[in-house]
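Analysis of the macromolecular model
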Amino acid sequence: MSTPLALRSILRAPAALRPLLLQQSSRALYHSYEHDAPPAYRDPENAILSSALAQVPTHGFTQEALTLGARDAGYLDISTNLFPKGPFEIVKYHLVTQRLGLKDRVQFPDDKTGVGKRVRSLVLERLRANVETGVLPQWQQALALMSLAENIPASLRELSALSDEIWFLAGDVSVDGSWYTKRASLAAVYAATEVYQTTDQSTEFRDTGLFLDRRLEEVRTVGGVVGSTIQWAGFQAGAVVNLMRSKGVKI
Amino acid sequence: MASIIPRAWKRLRLSKTSGWVCNDCRRTFATSRVQRQQQPPASGQHESQDPKSTHFGFQTVTEELKAGRVANVFSSVASSYDTMNDLMSLGIHRLWKDHFVRSLNPGSRNSVEGQKILDIAGGTGDIAFRMLDHASNINHDNQTSVLVSDINPEMLGEGRKRFATSPYKAAGRVAFLEANAEDLSAINDSSIDLYTVAFGIRNFTYKQKALEEAYRVLKPGGVFACLEFTPQLRNPVMNAIYKRWSFGAIPLIGQVVAADRDSYQYLVESIERFPSQEEFAGMIRKAGFLLPGHGGEEEGMQGAWEDLTMGIAAIHKGVKPA
Ligand SMILES: C[S@@+](CC[C@H](N)C(=O)[O-])C[C@H]1O[C@@H](n2cnc3c(N)ncnc32)[C@H](O)[C@@H]1O
């Protein structure tokens, strides 16, 4: 895709997404394979957040889950002051650990699998992690936390890091001008598909797979940044509205 | 500059009668000028190169003298220190205190013992009251208690008076202790859930020593939290304006409202001499605390503190590892 087209896509994307699309920071600071990558969390944080995550299926992404996590890890209620962003830290912990764990979930036995196919299985594998950890039923709450103004930068940073990781694990090592577009496109596709997943009632998340295929097809044909991001924003808004309604807010 | 004073003066006068000022401002207790005999400062390691002298604002004084002079300042401005806080914080220190307490979220749901909170330099019980209100009303915790500690018995006396008629006093949820923050030997190791100090630590002679004491008395997992003015605003232009206000106008106002220019001068200067947010976070870490906010490499020390209102003040926290 030529640069002017990419630029146009950026300008037409919803305002909240522009920073992501424009992000010119160096390509993925740390890929999961690098041995010298600093540990993502210090021991006490690891202990508290992993225990808190285990509370999410019953208590949601809440301060209560965080407090119970602290207790389980041998800390005090007040120790949750270690996490200035409160329950959003549990969301971020899930995002970070699942991104770093993705490489162990997927193996590509032969070299014949194309990059496109690999990207598809990596996305589905990452989405499966939401189901296996039991957080999927609470994921709309996570999306609502991610869409709070103060959490948007960290959420977008994590989303583009995941996008980088997927391209990397899929074996795409191109460093040409198309890279920023690829990162943004996949980030948008992933985000849209993940939102779709939270509403998917089909067996074995078949519909999510089909939804993903349509988004990937869009990217192939029309350089889908615009299409998918708009859809993502739409789904995001819908998810938030639904959540607020379920909490009794009248909108 | 001069034109500010009549206006500020008017504002103060007005504020003394209007409803939004808390009771502290109406306090009328005798200004004590009596030179109190101070316990000598705790011995031990400290960061000053010249062991004999420390700063009293910008005046260099001997360390034994400092504790005495600080106590004097607070005796002499005790009745109007809230006015001072109003002037330095542009009238919003009460909002900062509210935010400070809310962000700490004291009190513990479904717990039998509640938390033990130690409010150092607790003066008049301002923070203690908010802590108990939050624990009781937000977390429905009627066990959590606060030990209010201050080096100055008159300040503490004010706190006692203020709590005398409160249900917290009757329920035994508040107690008072006269102590230097640098030597809390009256308090057991690992016995406190939450240690708070609001607008106090800049007056301590040995800040690192006070941090070590905080670490000692806190339980594993316990939290150190400090609300304090900062020496520099983030924005250089705002900083220049604020500095002219604090160094130019405030001591003058102090002269007018309290007839005590020197004490106000000291308070302004003690803020200037306080370490920057980065340095202070470093001192907290040095004392053994974990700094909050995922202090990963890429994020630097971000999250270790929170700047309030353009960085006029900041909240620092540390967690004692379990
Ligand atoms: C400005 S007042 C703050 C009072 C209260 N925390 C508030 O925020 O309103 C500062 C207090 O620090 C106390 N103080 C000064 N040096 C101290 C020390 N070394 N140990 C304990 N308290 C000290 C003073 O007596 C005074 O009450």
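What counts and what doesn't
- Residues numbered from 1 in each chain as written.
- Chains lettered and ligands numbered in written order.
- Predicted model: local features only at pLDDT ≥ 70, side-chain atom pairs only at ≥ 80, totals over all residues.
- Heavy atoms only, no water.
- UniProt positions renumbered as here; feature names shortened; annotations may be inferred.
- Helix = DSSP H or I, 4+ residues; strand = E, 2+ residues; numbered from the N terminus.
- Buried < 20%, exposed > 50% of the residue type's maximum accessible area, 1.4 Å probe, protein only.
- Contact = heavy atoms within 4.5 Å.
- Near = heavy atom within 4 Å.
- Polar contact = N/O pair within 3.5 Å; in protein donor to acceptor, adjacent residues only side chain to side chain.
- Areas by Shrake-Rupley, 256 points an atom, 1.4 Å probe, with all protein chains shown as cover.
- Nonpolar A, V, L, I, M, F, W, Y, C, P; charged D, E, K, R; others polar.
- Pairing = 2+ DSSP bridges.
- Axes fitted to C-alpha atoms, helices over the stretch in contact; angles between N-to-C directions.
- Buried area = accessible area lost by both parts, 1.4 Å probe.
- Salt bridge = Lys/Arg side-chain N within 4 Å of Asp/Glu carboxyl O.
- Core = buried A, V, L, I, M, F, W, Y, C linked by side-chain atoms within 4.5 Å.
- Phe/Tyr/Trp six-rings, centres within 6.5 Å; stacked < 30°, edge-to-face > 60°.
- Lys NZ or Arg CZ within 6 Å of the ring centre and 35° of its normal.
- Right-handed = clockwise from strand over helix to strand, strands pointing away.
- pLDDT = per-residue confidence, 0-100.

Looking up chain B in an unreviewed UniProt entry gives the name 2-methoxy-6-polyprenyl-1,4-benzoquinol methylase, mitochondrial, with the organism given as Recurvomyces mirabilis. The record held by UniProt for chain B lists under Sequence similarities (unreviewed entry) the comment "Belongs to the class I-like SAM-binding methyltransferase superfamily. MenG/UbiE family."

Within an unreviewed UniProt entry, the label attached to chain A reads Ubiquinone biosynthesis protein, and the organism entered is Recurvomyces mirabilis. For chain A, the Subcellular location (unreviewed entry) comment in UniProt is given as "Mitochondrion". Turning to chain A, the UniProt annotation filed under Sequence similarities (unreviewed entry) states: "Belongs to the COQ9 family."

Focus on the UniProt feature "binding site: S-adenosyl-L-methionine" (unreviewed entry) in chain B
Residue and element names in this part refer to chain B. As recorded in UniProt, the sites labelled "binding site: S-adenosyl-L-methionine" (unreviewed entry) are Thr124, Asp150, Asn180 and Ala181. Within the fold, asparagine 180 resides in the loop between β5 (174–178) and β6 (192–198). Under the relative-accessibility criterion, asparagine 180 is labelled buried at 7%. Here alanine 181 shows up in the loop between β5 and β6. By relative accessible area, which is 6% here, alanine 181 ends up buried. Beyond its immediate sequence surroundings of up to four residues, alanine 181 is in contact with Ile120, Tyr195, Phe204, Ala210 and Glu213.

Looking at the site of the ligand
All names here are of chain B. Near the ligand there are 17 residues, and of these Lys97, Ala121, Asp150, Ala181 and Ala198 occur at the shortest range. Contacts to the ligand include asparagine 180, whose side-chain N or O atom sits 3.1 Å from a nitrogen atom. For the ligand, whose accessible area on its own is 590 Å², the fraction buried by protein is 98%. Split into classes, the residues belonging to the shell around the ligand amount to eleven nonpolar, four polar and two charged.

Re the sheet that holds strand β3 (residues 116–120) of chain B
Residues and elements named next belong to chain B. A sheet is described by the order of its strands in space; here seven strands give the open sequence β5-β4-β3-β6-β7-β9-β8, paired in mixed fashion. The open sheet has two free edges, formed respectively by β5 and β8 (305–308), since each of these has just one partner strand. On average, each strand axis in the sheet is tilted by 15° relative to the strand beside it, whichever way the strands run. Note: strand β4 (residues 145–150) against β5, five bridges, orientation parallel. Bridge assignment links aspartate 150 to a residue of β5, and that residue is glutamate 178. Relative to strand β7 (residues 218–229), helix α4 (residues 93–104) is tilted by about 160°, and along the sheet it contacts β6, β7, β8 and β9 (313–319). Helix-sheet contacts for helix α11 (residues 277–286) involve β7, β8 and β9, and the interaxial angle to β9 is about 20°.

Side note on the interface of chain B and chain A
With 30 residues of chain B at the interface, the matching set in chain A holds 19 residues. Together, the buried faces of chain B and chain A total about 1,800 Å²; carbon and sulfur atoms form 55% of this surface. Seen at the junction of chain B and chain A, the total is zero salt bridges. Connecting chain B to chain A are seven residue pairs in polar contact (both at pLDDT 80 or more). Those elements that provide at least two residues to the side of chain B that touches chain A are α4, β6, β7 and β9 of chain B.

Structural notes on the nonpolar core
Grouped together as the largest cluster of nonpolar side chains are 74 residues, with contacts concentrated most on Phe61(A), Ile90(A), Val91(A) and Trp139(A). Counting residues per element, this core draws most heavily on helix α5 (residues 88–105) of chain A, at six residues. Not counting chain neighbours up to four residues away, the residues in contact with Ile90(A) comprise Leu49(A), Ala52(A), Leu53(A), Val56(A), Phe61(A), Thr62(A), Ala65(A) and Leu66(A). Within the second largest apolar cluster, 30 residues are counted, among which are Ala179(B), Leu184(B), Phe224(B) and Ala287(B).

Here we look at the packing of aromatic side chains
Scanning the model with the defined rule gives 13 aromatic pairs over all chains in all. Seen in terms of ring centroids, Tyr195(B) and Phe224(B) are 5.4 Å apart; in terms of plane orientation they differ by 35°. Their pairing is tilted. Residue Tyr195(B) is found in strand β6, and its partner Phe224(B) is found in strand β7; the two are separated by 29 residues along the sequence. The exposure class assigned to Tyr195(B) is buried, which follows from its relative accessible area of 1%. For Phe224(B), a relative accessible area of 0% translates into the label buried. Ring geometry for Phe274(B) versus Phe280(B): centroids 5.1 Å apart, planes at 55°, classification tilted. Using a relative accessible area of 0% as the deciding quantity, one classes Phe280(B) as buried. The side chain of Arg215(A) reaches across the aromatic face of Phe211(A), ending 4.6 Å from its centre. Cation over ring: Lys320(B) sits above Tyr215(B), and NZ or CZ is 4.7 Å from the ring centre.

Some words on the pairing of β3(B)
Residues and elements named next belong to chain B. Most of β3 is tucked away: four of the five residues are buried. The pairing of β3 with β4 spans five bridges and is classified as parallel. Looking across to β4, one finds that leucine 118 is bridged to leucine 147. After leaving β3, the chain enters helix α5 (residues 126–137) and then returns to the sheet as β4, a path that is right-handed.

Focus: the confidence of the model for chain B
Residue and element names in this part refer to chain B. Per-residue pLDDT for chain B has a mean of 78; in total, 71% of the residues score no lower than 70. Counting contacts from residues 1–49, a segment whose pLDDT is below 50, to residues more than four positions away or on other chains yields 83 contacts. Between residues 295–299, whose pLDDT stays under 50, and residues either more than four places distant or in other chains, the model counts seven contacts. Listed scores for the predicted complex are pTM 0.76 and ipTM 0.73.

Looking at the side chain of Asn81(A)
Among the secondary structure elements, Asn81(A) is positioned in the loop between α4 (63–72) and α5. The exposure class of Asn81(A) is buried, given its relative accessible area of 6%. A polar contact is formed between the side chain of Asn81(A) and the backbone oxygen of Leu104(B), at a distance of 3.2 Å.

Notes on the pattern of salt bridges
One pass over the structure, following the stated rule, counts 21 salt bridges over all chains. With its nearest N and O atoms 2.7 Å apart, the salt bridge here joins Asp77(A) to Arg71(A). Residues Arg216(B) and Asp189(B) are paired through a salt bridge, measuring 2.5 Å at the closest nitrogen-oxygen approach. Placement of the pair is Arg216(B) in helix α8 (residues 207–217) and Asp189(B) in the loop between β5 and β6, with a sequence separation of 27 residues. When its relative accessible area of 23% is taken as the criterion, Arg216(B) is described as partly exposed. One continuous salt-bridge network, built from bridges that share partners, spans Lys97(B), Asp98(B), Asp126(B), Arg130(B) and Arg162(B).

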